[in-house]
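An overview of the molecular structure
Residue strings, one per chain:
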Amino acid sequence: MPRYNRRSGGAGRDKSESRELAERHAAESARADRLLSLEKGQKGRRIKPPETDALVVVDHVSKVYVPSPPWMRLLLRSSIRRPVVALEDFSLDVRPGQILAVVGPNGAGKSTLFRVLTGLTTPTSGRAYVCGLDVTQKSHEVRRLIGFAPADEKTLLLRNTCRENLVFHGQLQGIPKRRLMKRVNETLDFVGLGHAADRVGIALSTGMKARLQLARALLHRPQVLILDEPTSAVDPVAAYELLELIKQVVKDQGAAALISSHRLEEIEALHDDVVLLDEGLIKYRGDLDTLRSIWEQPRLEITFYGEAEALQASHHLQRMPDVEVEGVEGTTLRLVTSIGVGKLFAQANGELSGVQSVQELRLPLRELLAKILIDKAEQPVQS
Amino acid sequence: MIDTKKATGARASIAGGAHLVGRLWGASDAFLRLGWRQAISYPLGFFMSQISNFLPILIYFFVADLVTPAERAFGRDYFSAVVIGLIGVKLLDSGLRGFGAQMDVAINRGWLEMFLVEPVRWRFLPIAMSQWPNAQGIFAVVTMAILGVALGANFELSGVPIALVIGALGMFAGLAIGTMSAAIKVLAKSGDPVLMLYTLMAQLFSGVYFPVENLPSGLRWVSYLMPHTYVIQGLRKALLADGPQLAGPSSSSIVVTLLVFSVLAYPLAIWIWGRALEYGRKLGVLSGY
């Protein structure tokens with residue numbers, strides 16, 4: 001009698017799951033070992049910074065988190081048991097005036113990328129540069145050039161006023177006192193918190209806290225903005241206003257911005273490049289229109305004058321290659337095709353009669369990205 | 001003839017040094033204000049922590065009536081000697097625990113990641129972040145001394161200048177040990193096993209409540225490995241009426257010992273702190289506490 005297994009519902013399935021898991025671990029370990037061997041080869045090598053006008057350059061960066069060494073486990077249990085690849089051979093550049101959205105599921109490597117750029121962690125192999133400075137070797141100088149807003153609002157001094165938060169940050173930035181107060185007031189006004197300058201952080205709404213986080217990142221006029229989910233906790237109107245502020249700063253100051261977000265409609269509204277990350281690898285880099293043209297098969301909705309014409313067209317289209325009829329509902333026919341409207345009608349040889357209107361349906365970005373990430377094996381990797 | 005190249009270089013290095021001092025001063029000021037703001041955000045807690053400093057003085061005010069110490073050990077005034085011992089421990093503790101305590105606050109409230117991303121040189125953090133606990137420690141020591149005097153403790157005013165020097169060196173020595181301990185904390189994220197062990201040993205071996213000479217002779221060497229012992233002995237020698245007659249090294253050799261300890265231990269502590277942060281960066285444990 002098979003052993004009762006509450007999770008999987010059977011011993012056989014349990015075994016196959018274990019085998020699959022073991023295979024995944026073995027593949028992950030081999031991937032980690034390969035990247036760790038690159039680290040040894042890189043040690044002590046001096047590499048000339050790339051000659052480019054990009055403010056952020058990430059050059060073949062990999063990051064493997066390894067378990068703590070045994071002596072450290074006396075103090076703290078390691079949170080991982082085997083090496084974990086967070087980024088693999090990751091390259092990108094961000095130019096002045098550009099906003100790059102970093103998108104991907106949890107664990108894709110977004111936070112690791114931001115940690116590398118802010119100097120909180122070092123890459124296992126490869127190099128990253130901010131304004132031509134190596135983020136590992138010139139971490140202190142790089143931190144002057146970066147405005148960082150972490151995802152967690154807890155990083156604000158919630159018992160201090162908005163003004164005190166910025167003054168504290170300005171002092172650590174080394175902004176001279178005679179200039180600091182003026183700069184603090186200007187920045188608070190810019191993000192729309194001038195009226196709440198003397199309100200303590202804990203008394204602010206979530207949207208106001210997000211603005212304060214942005215103000216802190218902007219205070220020292222950084223050349224590079226790194227914003228980790230800046231709009232995750234705010235309502236759509238506040239999110240829109242925040243993104244408009246970010247766009248304005250990037251445009252006015254010629255700064256470069258990296259933004260991670262799970263709100264895909266906001267990324268679409270930025271009208272700039274996107275990097276799609278999955279399991280530490282770049283799945284796609286470019287603008288959203290190109291992404292759609294590569295990944296999205298156009299969906300068409302054709303409305304006929306009568307139901308008979310719609311059914312007749314459906315029978316005909318089902319026989320055509322590169323066309324998938326989704327269904328007919330009254331006088332409306334829905335289909336997916338990779339050949340485009342013009343070609344579709346040309347290939348139909350006049351069989352599509354009584355057409356009242358044709359409408360191209362766009363897949364919501366959320367569904368498109370989910371499709372890309374889920375159908376990993378079926379599509380080519382773009383980078 | 002003036003070597004203009006050398007002169008320019010010297011001016012640049014002076015300007016660079018002044019800039020670094022300015023940055024350290026700015027960061028220290030920022031953390032001092034932050035500490036004050038946090039403290040007064042919880043008024044009753046702040047008030048109670050100040051009051052708790054007085055309790056040991058009151059306890060030993062009554063205990064002193066029961067103790068008749070040997071003249072060679074503590075002099076004739078046990079109460080004054082213990083008040084000085086408690087003051088010494090308080091001073092050292094603010095150096096020893098101040099930075100670590102501020103690190104705990106930063107870790108628990110989620111600030112540490114932001115502090116590390118700020119363009120403050122990481123080697124400045126131990127001094128900058130311990131400004132508030134040091135200020136609090138000095139305030140506590142002054143109020144403890146005033147209460148002690150009000151309850152009958154006798155201090156030699158002529159010994160105050162040397163006592164201030166010993167106290168300052170003691171705080172600095174404490175900061176060196178505290179920074180080494182914080183280096184472990186930044187990797188282990190919480191807990192303070194090194195400092196825990198050190199504090200327990202200091203309570204036993206540094207002669208706060210009884211003279212070091214009362215310890216078995218085979219264990220006395222442990223006392224002289226800890227700055228606590230030198231600070232407490234130095235303060236007693238400086239401030240007690242018959243301090244110069246007490247056993248142990250002279251005030252000047254105590255000052256020299258503490259100075260040497262600080263000069264050697266602080267750079268070592270900063271080096272260890274820097275290495276720990278670099279190691280933390282490599283492991284990726286400097287964020288996500």
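Residues numbered from 1 in each chain as written. Chains lettered and ligands numbered in written order. Predicted model: local features only at pLDDT ≥ 70, side-chain atom pairs only at ≥ 80, totals over all residues.

1. So, the sheet that holds strand S6 (residues 146-149) of chain A
All names here are of chain A. Read from one edge of the open sheet, six strands run S6-S7-S8-S3-S9-S10, paired in mixed fashion. Of all the strands in the sheet, the pair left with one neighbour each is S6 and strand S10 (281-286). Each neighbouring strand pair of the sheet contributes to a mean axis angle of 15°, computed without reference to strand direction. Of the strand pairs in this sheet, S6 and strand S7 (residues 224-228) are connected by four bridges, and their pairing is parallel. Directly across from Phe148, in S7, lies its bridge partner Ile226. (Pairing = 2+ DSSP bridges. Helix = DSSP H or I, 4+ residues; strand = E, 2+ residues; numbered from the N terminus. Axes fitted to C-alpha atoms, helices over the stretch in contact; angles between N-to-C directions.)

2. Some details on the sheet that holds strand S13 (residues 332-337) of chain A
Residue and element names in this part refer to chain A. Taking strand neighbours across the sheet as the criterion, the four strands line up as S12-S13-S11-S14 in an open arrangement whose pairing is antiparallel. Of all strands in the sheet, those bounded by a partner on one side alone are strand S12 (323-329) and strand S14 (355-361). Neighbour-to-neighbour, the strand axes of this sheet turn through a mean angle of 20°, independent of strand direction. Packing against the sheet, helix H11 (residues 307-318) makes contact with strand S11 (299-304), S12 and S13, and its axis sits at approximately 160° to S12. (Contact = placed C-beta atoms within 7 Å.)

3. Some points on the interface of chain A and chain B
At the interface, 27 residues of chain A touch 32 residues of chain B. Listing elements by their share of the side of chain A that touches chain B, those giving two or more residues are helix H3 (110-118), helix H4 (139-145) and helix H5 (162-173) of chain A. Residue contributions to the side of chain A that touches chain B peak at five residues, all from H5(A). When the residues that make up the side of chain A that touches chain B are grouped by side-chain class, the tally is 10 nonpolar, 10 polar and seven charged. (Nonpolar A, V, L, I, M, F, W, Y, C, P; charged D, E, K, R; others polar.)

4. Focus on the nonpolar core
The biggest cluster of nonpolar side chains holds 151 residues, and the ones touching the most others in it are A:Val56, A:Leu117, A:Val130, A:Val224 and A:Ala257. Top contributing element to this core by residue count: helix H5 (residues 78-109) of chain B, with 15 residues. Residues A:Ile302, A:Ala310, A:Leu333 and A:Leu352 belong to the second largest nonpolar core, which totals eight residues. (Core = buried A, V, L, I, M, F, W, Y, C linked by C-beta atoms within 7 Å. Buried ≥ 20, exposed ≤ 12 C-beta atoms within 10 Å, placed from the backbone.)

5. Observations regarding the environment of A:Arg73
Residues and elements named next belong to chain A. Inspection of the secondary structure assignment puts Arg73 in helix H2 (residues 70-73). A tally of 12 C-beta atoms within 10 Å means that Arg73 is categorised as exposed. For Arg73 and Ala348, which are 275 residues apart along the polypeptide, the C-alpha to C-alpha distance reads 69 Å.

6. Re the packing of H5(B) against helix H8 (residues 131-150) of chain B
Residues and elements named next belong to chain B. Where H5 meets H8, the closest approach of the two axes is 9 Å, and the angle between their N-to-C directions is 165°. When the interaxial angle is binned, H5 and H8 end up roughly antiparallel. Remark: the crossing between H5 and H8 carries right-handed chirality. Touching Val83, Leu86, Ile87, Lys90, Leu91, Asp93, Ser94, Gly95, Gly98, Ala101 and Gln102 of H5 are Pro133, Asn134, Gln136, Gly137, Ala140, Val141, Met144, Ala145 and Gly148, all from H8. (Parallel < 35°, antiparallel > 145°, perpendicular 65-115°, else oblique. Left-handed = near helix turned anticlockwise from the far one by under 90°.)

7. Topic: the confidence of the model for chain A
For chain A, the mean per-residue pLDDT works out to 82, and 90% of the residues sit at or above 70. The low-confidence segment residues 377-383 of chain A, where pLDDT is below 50, has eight contacts with residues more than four positions distant or belonging to other chains. (pLDDT = per-residue confidence, 0-100.)

8. A short note on the pairing of strand S8 (residues 256-260) of chain A
Residue and element names in this part refer to chain A. Most of S8 is tucked away, with five of its five residues classed as buried. Examined bridge by bridge, strand S3 (residues 99-103) and S8 share four bridges and lie parallel to one another. Bridging from a neighbouring strand, Ile99 pairs with Ala257 of S8. Inspection of the sheet shows S7 paired to S8 by five bridges, in the parallel sense. Bridge assignment links Val224 to a residue of S8, and that residue is Ala256. The parallel pair S7 and S8 is bridged by helix H8 (residues 236-253), and the resulting crossover is right-handed. (Right-handed = clockwise from strand over helix to strand, strands pointing away.)

9. Details of the packing of H5(A) against helix H6 (residues 177-190) of chain A
Residue and element names in this part refer to chain A. Their axes nearest at 10 Å, the elements H5 and H6 cross at an angle of 130°. Considered as vectors, H5 and H6 are oriented oblique to each other. As for how H5 packs across H6, the hand of that crossing is right-handed. Facing Cys162, Arg163, Leu166, Val167 and Gly170 of H5, the residues of H6 in contact are Leu180, Arg183, Val184, Thr187 and Leu188.

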